[in-house]
Amino acid sequence: MTQTRSRRAGPDPSGLYLPRTARVVRAENLTRQDRLIEIALPEGQALGHRPGQFVQVSLLGYGEAPISVSSGPQQTGSFELCVRRLGNVTTALHALQPGDPVGIRGPFGNGFPMDHLVGRDCLVVAGGIGLAPLRSVIHSILARRERYGRLIVLHGARREEDILFRDEIAEWQQDPRNEVLLTVDEPTPGWKGRVGVITTLFPEIEVDPANLVVVAMVGPPVMYRFVILELRGLGIKNDQMFMSLERRMKCGVGKCGHCQIDGRCVCVDGPVFSGTEIMAMHEAI
Amino acid sequence: MAEKPRIAFFDFACCEGCQLTVLGLGEPLLKLLERVEVVTWREAMSERSDDFDIAFVEGSITRDSDIPRLRRIREQAKVLVALGTCATLGGPHVSANNCDRGELLRLVYGGEGAQFEAGEVRPLSAVVQVDAFIHGCPINGDEFLTVANHLLLGKAYHPPSRPVCHECKLNQYECVLDRGQICLGPVTRGGCDAICTSRGSQCFGCRGLVDDPNLNAAREVLAEHGYTVSDIIGMFDIYSLRSPAAAEARETARQDRGAIEKGAEPWRSR
Amino acid sequence: MAPSALSAADVRSVLARAMESTAVLAPVRRGRSSFAFQWIADPAEAVFSYPRTILPPKQALLPPREDLFVFQRAPEPAVRPPAAPDPITLFGVHPCDLAAIGQLDWAMQERHGICDPNYAARRAHTTIIGLECLPDEYCFCPSVGTAHTRAGADLFLTPVGEEFVAEALTEKGEALLASAGEKRAPSAEARDTWEHWAEDKESRVSRRLKAQPKELPDLLEAEYESEVWEATAARCYSCGTCTSVCPTCFCFDVEDVVEVGLASGARRRQYDSCQFLEFASVAGGHNFRGERPDRVRHRWFRKFVHLNREYGDAFCVGCGRCTKFCTADIGLVEVLNSIVEASE
Ligand SMILES: Cc1cc2nc3c(=O)[nH]c(=O)nc-3n(C[C@H](O)[C@H](O)[C@H](O)COP(=O)(O)OP(=O)(O)OC[C@H]3O[C@@H](n4cnc5c(N)ncnc54)[C@H](O)[C@@H]3O)c2cc1C
Ligand code: SF4
Ligand code: SF4
Ligand code: SF4
Ligand code: SF4
Ligand code: SF4
Ligand code: FES
């Protein structure tokens, strides 16, 4: 019947809902609540993702959770996830050790418009775990540094110890074309950076709005509203902003209805939406 | 896998119907017993031990003298599970809280009533931290097994907040409202697979209210169906759905989500 | 194909023939005054006239609870697709429910260009026998253009008096019809009733939408902030009955279930409802539709704005189930009409 019209999402031949059994290559804690998990697909299969896409990660008996791919597409043979421990699936993922099996479906979603970034400056706005998907964009830029202009990263965390990828951030800062600004909500003794929500960093940066693309993932809807206001203040237009949105997800393939924002499915049409698209939706932010 | 977790059952003020439900599980219970070691279960065995990991506690707290015992169980248990509505929300006898205690004792036990200790009826969560809630009067055996699986896998169990109507409809039971009866299904937490409406009875709300009950709707709709305020209140009071104790327990259960994740590692089987 | 006449006994023998090679889902009596689709063991169980069932025939294609796949956890994790479903015959499907199966086919097999394999596997082996009906006070099929749907049926029956006029619409339908024996032309009287059925049906409908489905997206968008949502939410229980019983709703939840030994289990889906509190809540505490009016509005917007635009028609077939079975007596058409009136 209509089955002939089927198009399976991703390269997985075994079916839409069946995970591929991948293996954990490396796992290390980044903070008290975030764990970096490097994963290899069976038989050297490539994930073939674009920055901003996500996979459905599962452990049999525990369930599935959408997690952004945190490594860049240039990394072959394996990919990385950065998982914050929040509930049943993420807690079980935190217990994974090298060699352990883990189920993977995907990659799913649209990802960030990387072509649009070529030749332009890039402003990355990352609140908390939002740095996980954006790191994939950053890795892409760093891998072909000459194709892009300035790279400005704004990252906000609860406390200093919650800042993600601190070693890498130090490396990024080595290159004068890159700038990283950090802020924390709760300063601990010795903290020399800024204090406050991520918007406190905006007055510190100077950008050329005509030649800039913003990629962002910042947390609850209210944070998106504040960030968009700040970006407007800098003279940046809606169609130059690309924001990754989070919603509850079950299927990841546009069937279960959970991730819907107005008429759009975040899992298929998103998770990345332009500022123009976001402003046209009632429920986005 | 780590050593088998040690399980204990305890009861306070209740009818022990929930433990009976567990005992009546048959085959699945035997299978479960291969994975755990039951060390204390007064209703089922004579041995007992104070060294246990998971405590299933049935019944509500009605006497101050119960409190030290419950606290001792809490101190020993890595995970404490409230078993049945008496334990999770106070149960049917919360209604005693609305009566004069002395009067009530005289009514039930006659002149000798005065010698009994009887205080305010409270759910377990009013006294100690509860890690998982299994509602129901009595509990649903399948849900007990689901919770047991969750604990063994190191998962937190969140009782569904979906109302009984959902399960009633999924099973295609005829709605008793159509027959002119009051049903508390729309505001009652599901998980029982709508067992009462499957037999043509109405739902009495034994699993307590859902997380966001629309009591205003209940009043309005039932009044339109010709019920008086006292009919409706009578129905809600069977399981004391309006009582502050039950409301507080519901809120605690909601807030405590995830509490179990902290202490459950010993039974992670992977 | 010229219509032919079948007696009630003929229809039962068609059913008996279908039961030889497929499982048959047919409407049966349930409780005191209700009807439900059920897998029947005997053709005599099926009823030929009923207003509407509790759950629609969707239950055969997208079951209330279904294993997406089964798995084994130990010694090594392994996943296995569910066993291939048995061929099925759906008997007694009203025109609105036929239209709904067409909409579900689109949602599950074509939307976003992604095909749900579990749905498709069941759908591919489905034979459908449609059954004409007359509307009751909850039906509004003419308002959404589904009253005369035949598409999707292999065989379609119209009850006229003691007899049925049967139309075979596919080869499968022809074969089923042939199992009733020698073909017989309907009497002139039966043919007359059959030919005038559509007019008669339309004239009996009392619930009507005061706008065309195509006009609804703009009309509703303009009333996004209307107090109708607030007012409707004031008496809505968020019980999810309206979505469970809807033949075009397809949202589901997924969870892993394991057997007591923890060695094996299944990833299972189950009907979910956008009306439930937790439907749009995420770990960490945010609920994107935590307020009841937002959830209420979502149901009307999903059916009459968003999917309406994407699919090109209202995602509602006018079966009246959501209204008939609503535990709070909330009327789908009444809410829509109040919006239409407010915008006039
Ligand atoms: C596109 C996308 C990308 C994401 N990327 C990351 C990432 O890189 N790192 C990270 O740590 N987290 C990420 N998240 C959030 C992560 O998916 C949730 O924290 C996770 O699903 C919680 O699952 P749980 O079982 O641990 O929690 P529970 O509260 O036990 O959740 C139960 C189930 O509800 C659903 N659910 C709950 N919260 C969410 C949520 N926030 N988003 C979607 N579904 C949810 C899931 O199906 C989950 O299995 C992402 C979410 C989305 C939508
Ligand atoms: S909840 Fe009900 S069945 Fe269980 S102990 Fe209490 S009264 Fe008995
Ligand atoms: S019988 Fe009760 S539980 Fe079932 S649908 Fe009706 S109101 Fe809901
Ligand atoms: S239907 Fe209602 S009264 Fe009956 S078991 Fe379920 S919650 Fe309890
Ligand atoms: S059936 Fe009625 S009360 Fe229940 S969620 Fe739907 S509209 Fe609300
Ligand atoms: S919305 Fe209501 S009337 Fe429309 S198809 Fe669904 S149940 Fe039937
Ligand atoms: S996650 Fe299921 S539709 Fe998007």
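Scroll up to find the structure this text is about.
All of these numbers come straight from a predicted model, not from anything done at the bench. (Residues numbered from 1 in each chain as written. Chains lettered and ligands numbered in written order. Predicted model: local features only at pLDDT ≥ 70, side-chain atom pairs only at ≥ 80, totals over all residues. Heavy atoms only, no water.)

*Asks:* It is not clear to me how the interface of chain A and chain C should be interpreted in this structure. Could you clarify?
*Replies:* Taken together, the contact pairs 42 residues of chain A with 52 residues of chain C. Across the chain A to chain C interface the summed buried area is about 4,100 Å²; carbon plus sulfur atoms make up 58%. In terms of surface lost to chain C, no three residues of chain A exceed Tyr-17, Leu-60 and Lys-255 of chain A, which account for 18% of the buried area on that side. The interface formed by chain A and chain C contains four salt bridges. Across the chain A-chain C interface, the total number found is 22 residue pairs in polar contact (both at pLDDT 80 or more). Mapped by element, the contributors of at least two residues to the side of chain A that touches chain C are strand 3 (54-59) and strand 4 (63-68) of chain A. A class-by-class count of the residues in the side of chain A that touches chain C yields 18 nonpolar, 12 polar and 12 charged. (Contact = heavy atoms within 4.5 Å. Buried area = accessible area lost by both parts, 1.4 Å probe. Salt bridge = Lys/Arg side-chain N within 4 Å of Asp/Glu carboxyl O. Polar contact = N/O pair within 3.5 Å; in protein donor to acceptor, adjacent residues only side chain to side chain. Helix = DSSP H or I, 4+ residues; strand = E, 2+ residues; numbered from the N terminus. Nonpolar A, V, L, I, M, F, W, Y, C, P; charged D, E, K, R; others polar.)

*Asks:* Any chance you could explain the site of ligand 6 here in plain terms?
*Replies:* Lining the immediate surroundings of ligand 6 are Phe-140, Cys-246, Pro-247, Lys-303, Cys-316, Val-317, Gly-318, Cys-319, Gly-320, Arg-321, Cys-322 and Leu-332 of chain C. Per-class residue counts for the shell around ligand 6 are eight nonpolar, two polar and two charged. (Near = heavy atom within 4 Å.)

*Asks:* Help me out: how do you make sense of the pattern of salt bridges in this one?
*Replies:* Two side chains carrying opposite charge are able to pair once their charged atoms lie near each other. Scanning all chains against the criterion turns up 68 salt bridges over all chains. For Arg-207 of chain C, the salt bridge goes to Glu-334 of chain C, with nearest N and O atoms at 2.9 Å. Here Arg-207 of chain C is found in the loop between helix 7 (197-204) and helix 8 (216-222), whereas its partner Glu-334 of chain C is found in helix 13 (residues 332-342), with 127 residues between them in sequence. A salt bridge links Arg-309 of chain C to Glu-221 of chain C; its shortest N-O distance comes to 3.0 Å. With Arg-309 of chain C in helix 11 (residues 292-311) and Glu-221 of chain C in helix 8, the pair connects residues that are 88 residues apart, well separated along the chain. Looking at Arg-309 of chain C, the relative accessible area reads 43%, which means it is partly exposed. You can call Glu-221 of chain C partly exposed: its relative accessible area is 24%. What you see here is one network of salt bridges that share partners, running through Arg-26, Glu-28, Glu-38, Glu-80, Arg-135 and Glu-168 of chain A. (Buried < 20%, exposed > 50% of the residue type's maximum accessible area, 1.4 Å probe, protein only.)

*Asks:* Explain the sheet that holds strand 3 of chain A here, please?
*Replies:* Sheets are built from strands that pair by backbone hydrogen bonding, the pairs being arranged parallel or antiparallel. Residue and element names in this part refer to chain A. Taken together, six strands build an open sheet; the order of strands is 4-3-6-1-2-5 and the sheet is antiparallel. A single partner strand is all that each edge strand has here, and the edge strands are strand 4 and strand 5 (79-84). Mean inter-strand twist for the sheet, computed between neighbouring axes without regard to direction, equals 40°. Two elements, strand 1 (residues 20-29) and strand 6 (residues 101-108), share four bridges in a ladder whose sense is antiparallel. Across the sheet, Arg-20 pairs through a bridge with Ile-104, a residue of strand 6. (Pairing = 2+ DSSP bridges. Axes fitted to C-alpha atoms, helices over the stretch in contact; angles between N-to-C directions.)

*Asks:* Which parts of the structure should I look at to understand the interface of chain B and chain C?
*Replies:* Interfaces are often described in size by the accessible area the parts lose on coming together. Listed as interface residues are 41 residues of chain B and, on the opposing side, 43 residues of chain C. Roughly 3,600 Å² of surface becomes buried between chain B and chain C when both sides are summed, with 50% attributable to carbon and sulfur atoms. One can count nine salt bridges joining chain B with chain C. Residues Glu-220 of chain B and Arg-235 of chain C are paired through a salt bridge, measuring 3.4 Å at the closest nitrogen-oxygen approach.

These values are about where atoms sit, not about what they do.
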